[in-house]
Amino acid sequence: MPDVAPTRRTDIGPPHYGQFLPPIVQANYGKWRYHEILRPGVLVHVGESGDRLYTVRAGSPRLLSVQTIREICDVADRYCDGYLRFTSRHNIEFLLTDPGKIEPLIADLAVRGFPVGGIGHAISNIVHTQGWIHCHSAATDASGIVKALMDELIGRFTETTLPGKLRIALACCVNMCGAVHCSDIAILGIHRRPPKVAQDRLPKICEVPTVVASCPTAAIRPVRRAGVESVEVNEDACMFCGNCYTVCPAMPLNDALNDGVSIWVGGKVSNARTEPRFSKLAIPFLPNNPPRWPEVVDAVKGLVDAWAAHARKHERMGEWIDRIGWPAFFRLTGIEFTKLHIDDFRHAETTFKRSVHIKGSGIGDQGSGIGDQG
């Protein structure tokens, strides 16, 4: 009998996620009857078989040391046979089958400094980008602002006292590797000056065609200065994205005086009740003021408090704004409306409000719903 050649493996990609699922999830995959919140930060999923899977959600930093990851794994080994997962917003979810271990697990997490919460009508953990710790194009820090903000809003994470879900995101520049384009409240680092061209360095370390091609708005053009190939920037066309600095270190974009933070509101990914939507500008600029960013913290806390005081049950930030109207939103939050709130981007005609009516001035309007808790 001829020898059979072993099957040659050609797929060297990641293994299928199914082999890492807890046994109870594998046994009930696609057969869950319902789930409910038992207390802040604790869920139970009930399968058609009657099996119960308990989830304890804890907040974590976006950036973790090896020692912290090992500590988290040790906790999972002790209480839930090593089964845990990280959510897309950096929450840690410990997956248990023994309800008797829930309280000891929560107590152990509290001692270690991991707050439990973020489920239901609460603030989930803030998803954010790298910030100054890693990213070369960051206009602001990420983990620093998030730490300062969650220290102030921790009660909104550990309790379920809000009208609905609240998702906050932070991206440290307009490239937005965070979810700021579709979060209830978004914190976005912004550059306000175009890149500076180091004419003496650029010809030595950068390829001019690559630099020109890197700009998404064609704001960079080749020039010759004193017989040397270089580039110049059309400042009116620059969108401050930092792509040119990525390929050419001789075009730095960071500016300690003019870099800062903008705040956006009203976005969401969910299609519950209303369709997904993009965030819209609320505060055009706040200064970078490390290490605690008091202006940013106060602004976001004010938005959360205004929404919590006036929104109806289950109403997301954008749905609340739609109901009361933007004029009432600016009045209730105390944010000044300026010309910077007017979208004058060249493709903005696709987002213009085409009606001559502006909904909800909040002054004597019938059915504006301001202060109506439903």
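Residues numbered from 1 in each chain as written. Predicted model: local features only at pLDDT ≥ 70, side-chain atom pairs only at ≥ 80, totals over all residues. Heavy atoms only, no water.

## As for the overall build of the protein
- The secondary structure content of the protein amounts to 10 helices and 12 strands.
- For the protein, the spread of C-alpha atoms along the principal axes amounts to about 85 × 75 × 45 Å.
- The 374 residues of the protein split such that 44% are buried.
- If you take every contact in the protein between residues at least 6 apart in sequence, the share linking residues at least 24 apart comes to 65%.
- Total accessible area on the protein stands at roughly 20300 Å², and carbon and sulfur atoms take up 55% of it.
- Positive and negative charge centroids in the protein, built from 42 and 39 side chains respectively, lie 2 Å apart. (Helix = DSSP H or I, 4+ residues; strand = E, 2+ residues; numbered from the N terminus. Buried < 20%, exposed > 50% of the residue type's maximum accessible area, 1.4 Å probe, protein only. Contact = heavy atoms within 4.5 Å. Areas by Shrake-Rupley, 256 points an atom, 1.4 Å probe, with all protein chains shown as cover. Lys, Arg positive; Asp, Glu negative; His and termini not counted. Charge placed at Lys NZ, Arg CZ, Asp CG, Glu CD.)

## Describing the confidence of the model for the protein
- Summary statistics for the protein give a mean pLDDT of 89 and a share of 91% for residues scoring 70 or more.
- Considering only residues more than four positions removed or in separate chains, one finds that residues 360-374, a stretch of pLDDT under 50, has 33 contacts. (pLDDT = per-residue confidence, 0-100.)

## Structural notes on the nonpolar core
- The biggest cluster of nonpolar side chains holds 41 residues, and the ones touching the most others in it are Ile168, Ile187, Ile263, Val300 and Phe329.
- Only helix H4 (143-158), strand E7 (168-171), strand E8 (185-190), strand E11 (260-265), strand E12 (280-287), helix H8 (294-310), helix H9 (317-324) and helix H10 (326-333) provide two or more residues apiece to this core.
- Here the element with the most residues in this core is H8; it accounts for nine residues.
- In this structure Ile187 touches Ile145, Leu149, Ile168, Ala169, Leu170, Ala171, Val180, Val261, Ser262, Ile263, Val296 and Val300, once residues within four positions along its chain are discounted. (Core = buried A, V, L, I, M, F, W, Y, C linked by side-chain atoms within 4.5 Å.)

## Some remarks on the pairing of E7
- Here E7 shows no split at all, with Ile168 and Leu170 on one side and Ala169 and Ala171 on the other all buried.
- Relative to E7, strand E6 (residues 127-128) runs parallel, the two sharing two bridges. Within the sheet, the bridge partner assigned to His128 lies in E7 and is Leu170. (Pairing = 2+ DSSP bridges.)

## Notes on the sheet that holds strand E1 (residues 32-39)
- The strand order E1-E2-E3-E5-E4 describes an open sheet built from five strands, whose pairing is antiparallel. A strand with exactly one partner marks an edge of an open sheet, and here the two such strands are E1 and strand E4 (84-86). Taking each pair of neighbouring strands and ignoring which way they run, the sheet shows an average axis angle of 25°.
- Direction of pairing for E4 relative to strand E5 (residues 92-96): antiparallel, over a ladder of three bridges. Pairing of Phe86 across the sheet is with Ile92, part of E5.
- Sitting on the sheet, helix H2 (residues 66-80) is in contact with E4 and E5, with an inclination near 20° to E5.
- Most of the contacts of helix H3 (residues 102-112) go to strand E3 (residues 52-58), to which it runs at about 15°, and overall it touches E1, strand E2 (42-47), E3 and E5. (Axes fitted to C-alpha atoms, helices over the stretch in contact; angles between N-to-C directions.)

## Section: the sheet that holds E6
- Across the sheet, which stays open at both edges, the five strands sit in the order E6-E7-E8-E11-E12 with mixed pairing between neighbours. The outermost strands of the open sheet, each flanked by one partner alone, are E6 and E12.
- Both E7 and E8 contribute to a ladder of four bridges, which runs parallel. Paired with Ala171 across the strands is Leu188, a residue of E8.

## Digging into the side chain of His191
- The topology assignment puts His191 in the loop between E8 and helix H5 (202-205).
- In terms of polar contacts, His191 uses its side chain to reach the side chain of Asp259, at 3.0 Å.
- In this view, His191 contacts Ser137, Ala138, Ala139, Cys173, Phe240, Leu253, Asn254 and Asp259; residues no more than four positions away in its chain are not counted. (Polar contact = N/O pair within 3.5 Å; in protein donor to acceptor, adjacent residues only side chain to side chain.)

## Some points on the packing of aromatic side chains
- Enumeration over the complete set of coordinates arrives at six aromatic pairs.
- Judged by centre distance (5.2 Å) and plane angle (80°), the ring pair of Trp326 and Phe329 falls under edge-to-face. Here Trp326 and its partner Phe329 are both found in helix H10, three residues apart, which amounts to about one turn of the helix.
- Taking the relative accessible area as the measure of exposure, Phe329 reaches 0% and is therefore buried. (Phe/Tyr/Trp six-rings, centres within 6.5 Å; stacked < 30°, edge-to-face > 60°.)

## A few points about the pattern of salt bridges
- One pass over the full model with this rule turns up 18 salt bridges.
- Ionic pairing is found between Lys147 and Asp151, a salt bridge with its closest N-O pair at 3.1 Å. With Lys147 and Asp151 both in helix H4, this residue pair falls four residues apart, about one helical turn.
- Judged by relative accessible area, which is 49%, Lys147 ranks as partly exposed.
- Given the relative accessible area of 37%, Asp151 is considered partly exposed.
- Here the residues in one salt-bridge network are Glu71, Arg78, Asp108 and Arg112, joined through shared partners. (Salt bridge = Lys/Arg side-chain N within 4 Å of Asp/Glu carboxyl O.)

## A short note on the side chain of Ser137
- For Ser137, the location among the structural elements is in the loop between E6 and H4.
- Those residues within four positions of Ser137 in sequence are excluded, and the remaining contacts are Cys173, Asn175, His191 and Asn254.

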